[in-house]
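# Remarks on the overall topology
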Amino acid sequence: MFSCCWCCSALRPRYKRLVDNIFPVNPQDGLIKNNMEKLMFYSLSSPEKLDRIGEYLFQRASRDISRRRNGFVIIAMEAMDQLLAACHAQTLNLFVESFLKMVQKLLESTDPQLQILATQSFVRFANIEEDTPSYHTRYDFFVSKYSSMCHSNNDNITVRKQIRLAGIQGLQGVVRKTVSDDLVENIWNMVHMDKIVPSLLYNMQNARYSNKENATPESPTEERSDPPQFAETCMRELVGRASFGHIRCVIKPVLKHLDNHLLWVPNYFAIHSFRIIMFSIQSQYLYTVVEALMTHLDEHSQSPLKIRTSIADTLSKIISIAAGESVGPSVLEIISSLLTHLRVSVSRNLSSTNDEQLYQEALINALGEFANHLPDYQKIEIMKFIMSKVPYSKLDSITTAGKGDVLLQSILLKSLLKVGTKYQTIHLNTTFRPSFLQPLLRMSLASDAEMRLLVQQIFHTLIDRHKNINKLTKPTVNIIDLNLEIEKASRPDIIFIKKHGPEIYMALYESLELTSNNVDNVQSIYTTLALLTVELGSEETVLELLQLIMSLQDLALTSIEINTAIKFNLHAIVISLLVLIANVCNISNLMDYGNKIVRNRYKEAPHLLPDLCSEYGHLSSGISSSLLVDQAIVSECLKEVGLETNELQGTNYSNNSLQHRYSWVDNTGCNSSGDINDGTIELDSAGSSPSVQKKLPGEELTFDSIKRILTENSNVQMMEEEKRMQFSHLFRNTPFPDLIKKTQPKHDVLQSKLSEIFNVLNIEPRSQSIQGSTPSDIKPSQTPAYEIHFPELFVY
Amino acid sequence: MKGLRTSIIQEKKRTEFVIMEDYKFLFKVVLVGNAGVGKTCLVRRFTQGLFPPGQGATIGVDFMIKTVEVENEIVKLQIWDTAGQERFRSITQSYYRSAHALILVYDISCQPTFDCLPDWLREIEEYASNKVLRILVGNKIDREDREIPTHVGEDFAQRHGMYFLETSAKEAENVERLFMEIAAELMEQARCKELPRYEQNTTSLNGKTTSIGDAGICGCSRLS
């Protein structure tokens, strides 16, 4: 029935004759160029015929396809391409329909060659800017078919690659064609994105370099011929065109694809693709991606930890890209949800497994990465925010913190440390706002030694501005070797330390009083103090610092609770700090004095010098006065450089702390202030007496002590007063060595007894001792508290 | 817009003396089911008349087209053959939505493929149009080691309101019938809803429909 077309060609309309003429007799000869030009001229001069030409060409081509005369099909397509390129956009409207029908027809054929040809034509069409919206073109078939081609599994590898490339090109074409045109169907529709995105990703994940870390494509030139490479380009383009409302449509299929193809562990590809997304997306939407990934993490709350860890890791890898653009509430939102994840993770698994820890680490890393890229003022905000999330209890019930709380505290402090590390302090007063400093100081007295260590580390990183931190991690008396970088403290800093110094010093002092300290704690507090000295050392601050170290020495001499090793450690840091202060403030007399003590100690008691050890063997804890820092001489040195030394003699942190916090102790007769203004000898000789009597804060606050105080009648007080007077008289008038001889053995007995008690205490659950602080229930576990008090009182 | 378009089509038709291989109906058929139940083989058998031994697993989605004649009408079947593997689930799901017919395939010699049917139904429920024509197919009846008796499959299909057929792609049993019945059923559905409107446009020549390919596409897409 088709044959009649040929015999009566003369009767046929002109355009049909023109079309027929472009086809050679033999398809191998290709398009007849002359006749093609004629056809082109005709269609240009009478554009109204264009749509019929298109339709006729299409019909011929479909006939040829069904007869498998592919040569003619290719010629017809070529003709259509040329017409499309030559004709003006306004006239294309209907021709386009035939053209697309033709492309579809070719795509429907099973011949890969025709499919590729069709795609090439389609891409050419996609690059034409149409003036008139083409609302009657439908692209869903193209999206479906091109996606299918992206997954081609042709037996022939070269053909497979070609088809896949064609598929990607086709998708790119569809995207180009539709995003710019509001009237055609919405390419961002989930139906389409669910096809396009996985197809691109599927090709990308086959890249060699996506399986390795940090690998880069070897030759970017072959982009057009390498499916993974090309898919990546296409992905970038797609993401780059996405507007706010469409981001989710792109991200969701990505996440789904990564889930389905198990690409989270290992997560190289996930990171790779998310990087691509982050770098191509319009920057104001960056945080949406982070948010989406975070939500995905939520959805994976039941998944194996490895997957969650990988997702969190991916998050940490991309979050920095988002940080630069994030502003306002979105920042806190991200931080907040990261913290929520941490909290959930902590509460889920108290017996921290290794995987869980890795997961937490990944989250903390993400937090740190994020903070790293925020402006400084936001870092402060974030630190404050994190600090506000730390669950801390009131001081007297510091041990109430359950196991989960402690874990959470330490996790949060770790995150805080991470953020702090990324922060560069400029002015201490902006870094340590009271609302941040106070909770931090409170945490520095936490019952968990490791937590205290963390807090000190936070201090280190925040105080250190001149990169001295590594030089000061260990106490030393050879300051010159350290090559410290010292800059004169600025005015605001001095004001800061004037205002908050006592508070900080007090906290550090009290922290050193705690019995659960180990060498690391002492060392970290040394570092904090040394950094403070280096950063803020000046004539105005030197007094307080010296006062503190005198108190520390005092503590080491008199405390009955801390063990001998720690006492030696304290002595070591005292001398290290003294030398450091003398050097930083450039007080030569003090330097000489410090060096003299160092020399003495080196000869007689090297254990009182750094480095700190946790075990000193059986060394006597007795120390001759020539090895100690003498307050009188220190005052002398200071006077020579013209510093007022009254303050140095006036107060003492051990007393200060008692007065400050437990002023009621005075009323009950504990002679805590007996040594104030007591001359200079008290420190090195008898100055220890009041401190020995003072009770440690830990014990002071128990219910029993309060109760005891209330029940004790004044008679007893009177007697005690008298006794004490005698004691102090005795102590003040006896030479120091004698005193030491007198007290030493008792100390040792006491020491052993105390450690015994503490062992008992440690075994007992901590919570019990806290409940004891409510009047209603006095637990038997409280008895040790008495035992602590009584021997202490009976020593003298 | 639609009016404009119809008038253009009518105008075209008036002037044309066209004999072309085109269709009146276009239906999208999607095959789903576990990996290895023989979806690709069914499609190959139907579209190309061959049984490819050692067929590798489908990746993503495969596409085939087949034009058939039902009651003197040319019907074009777009057949989307999806991968059964779990990892391609997200992309295959996206093809359900536009389907006119879903063929759910299981292997009669493999109990697990039958056990998964409820999961597949749930997926279809979620992603496909609720008016989609659903057909349950037990494939590989040439196999000796049958595990699912015919009546079990039949019961299942009945319970879930599906058509049921047992086939063998290898022996070409019921394959042709499967697709032809789908085409006939879909055409029936399409006629009830849409046909009157387009019938008047059809100018027949030599018993063939003329170029209303567009109308056909529109009519069918409105099905979903």
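Residues numbered from 1 in each chain as written. Chains lettered and ligands numbered in written order. Predicted model: local features only at pLDDT ≥ 70, side-chain atom pairs only at ≥ 80, totals over all residues. Heavy atoms only, no water.

On to the overall build of chain B. Each helix and strand counted, chain B has nine helices and six strands in total. Per-residue burial for chain B yields a buried fraction of 57% across its 224 residues. (Helix = DSSP H or I, 4+ residues; strand = E, 2+ residues; numbered from the N terminus. Buried < 20%, exposed > 50% of the residue type's maximum accessible area, 1.4 Å probe, protein only.)

Now for the overall build of chain A. Helix and strand content of chain A: 40 helices and zero strands. Looking at chain A as a whole, 57% of its 796 residues qualify as buried. Taking the contacts inside chain A whose residues are at least 6 apart along the sequence as the reference set, 74% of them involve residues at least 24 apart. Within the structure as shown, chain A displays about 33700 Å² of accessible surface, and the carbon and sulfur contribution to it stands at 53%. (Contact = heavy atoms within 4.5 Å. Areas by Shrake-Rupley, 256 points an atom, 1.4 Å probe, with all protein chains shown as cover.)

Residue and element names in this part refer to chain B. Of all residues in chain B, 76% attain a pLDDT of 70 or more, and the chain-wide mean is 78. Throughout residues 195-224 the model reports pLDDT below 50, and contacts reaching past four residues in sequence, or to other chains, amount to 59 contacts. Across the assembled chains, the prediction reports ipTM 0.77 with pTM 0.69. (pLDDT = per-residue confidence, 0-100.)

Within the element layout of this structure, R164 of chain A appears in helix α9 (residues 157-179). Setting aside anything within four residues of it in sequence, one finds R164 of chain A in contact with M149, C150, H151, S152, Y202, N203 and N206 of chain A together with I59 of chain B.

Here we come to the packing of helix α2 (residues 14-22) of chain A against helix α3 (residues 33-45) of chain A. Residue and element names in this part refer to chain A. Running from amino to carboxyl end, α2 crosses α3 at an angle of 150 degrees, the nearest separation of the two axes being 8 Å. In this view, α2 runs roughly antiparallel relative to α3, as classed from their interaxial angle. Judged by the sense of rotation from one axis to the other, the crossing of α2 with α3 is left-handed. Contact residues: R14, Y15, L18, V19, N21 and I22 in α2; N35, M36, K38, L39 and Y42 in α3. Class assignment of the residues belonging to the contact of α2 with α3 gives a composition of seven nonpolar, two polar and two charged. (Axes fitted to C-alpha atoms, helices over the stretch in contact; angles between N-to-C directions. Parallel < 35°, antiparallel > 145°, perpendicular 65-115°, else oblique. Left-handed = near helix turned anticlockwise from the far one by under 90°. Nonpolar A, V, L, I, M, F, W, Y, C, P; charged D, E, K, R; others polar.)

On to the sheet that holds strand β1 (residues 25-33) of chain B, then. All names here are of chain B. What the six strands build is an open sheet, ordered β2-β3-β1-β4-β5-β6; its pairing is mixed. Edge positions in the sheet fall to β2 (61-70) and β6 (163-166), since each of these pairs with one other strand and no more. In this sheet, adjacent strand axes meet at a mean angle of 25 degrees when their direction is disregarded. Note: strand β5 (residues 133-139) against β6, four bridges, orientation parallel. Its bridge partner lying in β6, L136 is registered against F164. Along the sheet, helix α7 (residues 175-193) makes contact with β1, β2, β3 (73-82), β4 (101-107), β5 and β6, crossing β1 at roughly 130 degrees. (Pairing = 2+ DSSP bridges.)

This part covers the pattern of salt bridges. Residue and element names in this part refer to chain B. Applying the stated criterion to the full structure yields 23 salt bridges over all chains. Linking D119 and R122 is a salt bridge whose minimum nitrogen-to-oxygen distance equals 3.2 Å. In this pair, D119 and R122 both sit in helix α5 (residues 117-127), three residues apart, roughly one turn of the helix. Linked through salt bridges whose partners overlap, the residues forming this network are K24, E71, E73 and R191. (Salt bridge = Lys/Arg side-chain N within 4 Å of Asp/Glu carboxyl O.)

Moving on to the pairing of β2 of chain B. Two strands pair when backbone bridges link them, and β2 of chain B and β3 of chain B are joined in this way by 10 bridges, in the antiparallel orientation. Considered in β3 of chain B, the bridge of F63 of chain B is made with W80 of chain B.

Residue and element names in this part refer to chain A. Summarising the element assignment, L580 is placed in helix α27 (residues 564-585). The exposure class of L580 is buried, given its relative accessible area of 0%. Linking L580 and A530, residues 50 residues apart in sequence, is a C-alpha distance of 7.3 Å. The residues touching L580, leaving out its near neighbours within four places in the chain, are I479, L484, A530, T533 and V534.

This next bit is on the side chain of S98 of chain A. Residue and element names in this part refer to chain A. Along the chain, S98 falls in helix α6 (residues 89-108). Among the polar contacts listed, one links the side chain of S98 to the backbone nitrogen of E55, at a separation of 3.4 Å. Leave out the neighbours within four places in its chain, and S98 touches D51, G54, E55, F58 and M80. (Polar contact = N/O pair within 3.5 Å; in protein donor to acceptor, adjacent residues only side chain to side chain.)

Throughout the structure, instances matching the rule amount to 23 aromatic pairs over all chains. With 5.9 Å between their ring centres and 75 degrees between their planes, F141 of chain A and F142 of chain A make a pair best called edge-to-face. Judged by centre distance (6.0 Å) and plane angle (25 degrees), the ring pair of F432 of chain A and F496 of chain A falls under stacked. Here F496 of chain A lies in helix α24 (residues 491-513) and F432 of chain A lies in the loop between α20 (428-431) and α21 (434-443), a separation of 64 residues in the sequence. Through a chain of ring-to-ring contacts, three or more aromatic side chains come together here, namely F99, F122, F125, Y139, F141, F142 and Y146 of chain A together with F63, W80 and Y95 of chain B. A cation over a ring is seen here: K195 of chain A above Y95 of chain B, with NZ or CZ 4.6 Å from the ring centre. (Phe/Tyr/Trp six-rings, centres within 6.5 Å; stacked < 30°, edge-to-face > 60°. Lys NZ or Arg CZ within 6 Å of the ring centre and 35° of its normal.)

All names here are of chain A. Formed by 243 residues in total, the largest nonpolar core has its most connected members in L57, M235, F274 and F432. Per-element tally for this core: the top contributor is α27, with 14 residues. The residue makeup of this core includes at least three contributed by each of domain 1 (11-215 + 245-423) and domain 2 (464-678). Once residues lying within four places of it in the same chain are set aside, the contact partners of L57 are V19, I22, F23, A76, A79, M80, L83 and M102. (Core = buried A, V, L, I, M, F, W, Y, C linked by side-chain atoms within 4.5 Å. Domains from an automatic or database assignment.)

With that out of the way, let us pick up unusual backbone geometry. Geometrically, the link from V265 of chain A to P266 of chain A is a cis peptide bond, its omega value of -5 degrees lying close to zero. Phi angles above zero are rare outside glycine, and L262 of chain A is one such case at about 55 degrees. On the basis of relative accessible area, L262 of chain A is assigned to the exposed category, the value being 65%. Notably, A172 of chain B is not glycine yet its phi reads approximately 55 degrees, a positive angle.

The next subject is the confidence of the model for chain A. All names here are of chain A. Mean pLDDT over chain A: 74, with 72% of residues reaching 70 or higher. Element-level mean pLDDT values for chain A span from 36 in helix α32 (residues 664-667) up to 91 in helix α8 (residues 140-150). When the criterion is pLDDT under 50, residues 1-5 qualifies, and its contacts beyond four places in sequence or with other chains add up to five contacts.

Turning to the packing of helix α10 (residues 190-204) of chain A against helix α11 (residues 227-241) of chain A, a few remarks are in order. All names here are of chain A. α11 packs onto α10 with a crossing angle of 140 degrees between their chain directions and a minimal axis gap of 7 Å. Between α10 and α11, the angle is such that the two are oblique. Seen along the crossing, α10 lies across α11 with a hand that is left-handed. Here M193, I196, V197, L200, N203 and M204 of α10 lie close against α11, whose contacting residues are P227, P228, A231, E232, C234, M235 and L238.

What follows concerns the pairing of β3 of chain B. Sheet faces and side chains relate simply in a regular strand, where the side chains alternate between the two faces. Residue and element names in this part refer to chain B. Among the 10 residues in β3, 10 count as buried, and that is most of the element. Burial along β3 is two-sided: E73, V75, L77, I79 and D81 and I74, K76, Q78, W80 and T82, pointing in opposite directions, are all buried. Pairing of β1 with β3 involves seven bridges; the strand directions are parallel. Bridging across to β3, F25 finds its partner in V75. Hairpin connection between β2 and β3: a loop of two residues separates the two successive antiparallel strands, and E71 in this loop has a positive phi of roughly 45 degrees.

Looking now at the side chain of K76 of chain B. You can see K76 of chain B is positioned in strand β3. On the accessibility criterion, K76 of chain B (4% relative accessible area) is buried. When sequence neighbours within four positions are dropped, the list of residues in contact with K76 of chain B reads E108 of chain A together with Y23, F25, L26, F27, I65, K66 and T67 of chain B.

Before going further, it helps to spend a moment on helix α22 (residues 449-463) of chain A. Taking 1.5 Å of rise per residue, 15 residues should cover 21 Å, and α22 of chain A covers 21 Å from first to last C-alpha, within 8% of that figure. Burial analysis of α22 of chain A places 13 of its 15 residues in the buried class, which makes it a mostly covered element. (Expected span 1.5 Å × (residues − 1).)

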